[in-house]
Amino acid sequence: MKSPSASRGGLVADSKSKRSYSCFYTMFPAACLICLGLFFATSSFSPGYTEKLISWRANPQKQNMNSLSQKFGTDKVQDKCKNQCRPRGSKALPAGIVSSTSSFETRPLWDLPAVRKKHHKRRQVTEVNQTKNLFAMAVGIKQKDLVDKMVSKFVEANFTIMLFHYDGNVDDWKEFDWNDHAIHVAVLNQGKWWFAKRFLHPDIVEEYDYIFLWDEDLGVEYFHPDNYISIIRSEGLEISQPALEPTLSEVHHQITVRSRRTMVHRRTYKTGGCDLNSPGPPCTGWIEMMAPVFSRPAWRCVWYMIQNDLIHAWGLDMQLGYCAQGDRTKNVGVVDAEYIIHYNRPTLGGVDKTTTDSSQPQEDHRLDVRKLSFRELDIFKKRWETAVKEDPCWVDPFQ
């Protein structure tokens, strides 16, 4: 049995121990708070504050952050690549090496390309070609007199010349000085729209400001290509044609007749048919397909509208306004100041009675050509109507 004095000593000791523990628990949190406060106060003013904070993190955390940062940047690059509009078949190549357009300019097999020369009948003048334009035409050797006059004028104006030989005869054109400067394509019994669809792809003629796609039975005595280009550019004509001189030409449509009072006209007036309120073809926004001239963007649109299997392109003229890059009543027109003559000579499928040898009779296929043309017109109309119905995204700008 313990004595009273021993008991009191134990109580005193326990009391002191409890007070020391209590003091420790009270001061420790306060000391920690003071230390943390001093640390943040001093480190916030140091230049390496951010680095100190990052150094607290473990290496795996640092790697994860770098990985996330890299992944975020990669996602942006991937999104950009997905949204790239790349030519079909070029995805295997780096974008900078893809050459998606071309032209008909010939290139020397040796030496650097020389400055393009402007050819005249008796002399050559070296000059820089400020604008590049293309003159293309389906030709037969029987019309070489008219073709020579047309090509000569366009060569003088520094046009690129492309001839489609529907009779297969290329060699007999060598007598002309301009022959070696022209691009020749020969396929038997094909019309100019067949050639145009296959050899005038928009990416191939991208270099040219304007594309002239003419028939071969035209006279250009009163026509000057340079002046014509200046007029259509100043008038904002995306699709155009030179007017026809009515006293010398075979005229099929009133809107193509030359007006002596204007430089350009965009509509025709006809009692009971066309007036100032007529909204579209054939009263306005229309040209004949005999001697059309297209701007680069207009041709890109027209080429897509040409049907691969409809070689006469009947019906295309009524829809050209959709390719006029805006208001067809303003951007489609007939140029009166520069006019041509339409001789209406029989060409592909026809027989020229003035030159036909009676000992070698030829069959006249003009009636057959006309029948096929009407059939193709009906097909084209039905295709247009079907395309309009089946495309929910297309909106007719002229309705």
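Residues numbered from 1 in each chain as written. Predicted model: local features only at pLDDT ≥ 70, side-chain atom pairs only at ≥ 80, totals over all residues. Heavy atoms only, no water.

Where an unreviewed UniProt entry is consulted, the protein appears under the name Lysine ketoglutarate reductase trans-splicing-like protein, with the organism given as Stylosanthes scabra.

Trainee: Let's hear about unusual backbone geometry: which residues, and what values?
Mentor: Note the cis peptide between P281 and P282, where omega equals 0 degrees. Residue placement: P282 occurs in the loop between β9 (264–265) and β10 (293–295). Phi at A313 is positive, roughly 60 degrees, even though this residue is not glycine. With respect to the secondary-structure elements, A313 resides in the loop between α7 (296–305) and α8 (316–319). For Q325, which is not a glycine, the phi torsion comes out positive at approximately 60 degrees. Among the structural elements, Q325 can be located in the loop between α8 and α9 (328–331). (Helix = DSSP H or I, 4+ residues; strand = E, 2+ residues; numbered from the N terminus.)

Trainee: So what's going on with the pattern of salt bridges? Residues and values would help.
Mentor: Evaluated as defined, the whole model comprises 14 salt bridges. Across the salt bridge formed by K132 and E207, the nearest N and O atoms sit 2.6 Å from each other. Of this pair, K132 sits in the loop between β2 (124–126) and β3 (133–139) while E207 sits in the loop between α5 (192–199) and β6 (210–214), and the two are 75 residues apart along the sequence. The salt bridge partner of K174 is D171, with a shortest N-O separation of 3.8 Å. In this structure, K174 and D171 share a single accessibility class: exposed. (Salt bridge = Lys/Arg side-chain N within 4 Å of Asp/Glu carboxyl O. Buried < 20%, exposed > 50% of the residue type's maximum accessible area, 1.4 Å probe, protein only.)

Trainee: I'd like to hear about the pairing of strand β11 (residues 332–342), residue by residue, with values.
Mentor: Put simply, side chains in a regular strand alternate between the two faces of the sheet. The element β11 is extensively covered by neighbouring structure, given that 10 of its 11 residues are classed as buried. The sheet contact formed by strand β7 (residues 218–219) and β11 spans two bridges and is antiparallel. The residue bridging L218 from the neighbouring strand is H342, located in β11. In this structure, strand β8 (residues 239–244) lies alongside β11, joined through six bridges in parallel fashion. (Pairing = 2+ DSSP bridges.)

Trainee: How would you sum up helix α6 (residues 225–235)? Please name residues and give values.
Mentor: Among the residues of α6, P225, Y228, I229, I231 and I232 are the ones counted as buried. One face of α6 carries all of its buried residues, which in axial projection span an arc of 165 degrees. One or two residues past the end of α6 sits G236, with phi positive at roughly 70 degrees. (Arc of directions from axis to C-beta.)

Trainee: Which residues make up the side chain of N331, and what values do they have?
Mentor: Considering the arrangement of structural elements, one finds N331 in helix α9. Here Q325 takes part through its backbone oxygen, which lies 3.4 Å from a polar atom of the side chain of N331. Here N331 is in contact with G236, L237, E238, I239, A324, Q325 and G326, once residues within four sequence places are set aside. (Polar contact = N/O pair within 3.5 Å; in protein donor to acceptor, adjacent residues only side chain to side chain. Contact = heavy atoms within 4.5 Å.)

Trainee: Residues and numbers for the side chain of K192, please.
Mentor: Within the secondary structure, K192 sits in helix α5. Taking the relative accessible area as the measure of exposure, K192 reaches 7% and is therefore buried. Contact partners of K192, with chain neighbours within four places excluded, come to A138, L213, W214, D215, M289, M290 and P292.

Trainee: Can you break down the pairing of β6 residue by residue, with the values?
Mentor: Extensive coverage of β6 is indicated by the burial of five of its five residues. Of the two faces of β6, the one holding Y210, F212 and W214 and the one holding I211 and L213 are both buried throughout. In this structure, β3 lies alongside β6, joined through five bridges in parallel fashion. Within β6, the position partnered with A136 by the bridge is L213. Alignment of β6 against β10, held across three bridges, turns out to be antiparallel. Considered in β10, the bridge of I211 is made with F294.

Trainee: I'd like a rundown of the environment of V151, residues and numbers included.
Mentor: In this fold, V151 is placed in helix α4 (residues 144–156). Judged by its relative accessible area of 0%, V151 falls in the buried class. The spacing of V151 and V220 is 69 residues in sequence and 9.7 Å in space, taken between C-alpha atoms. Once residues within four sequence positions are removed from consideration, V151 is found in contact with F135, M137, I161, L163 and W178.

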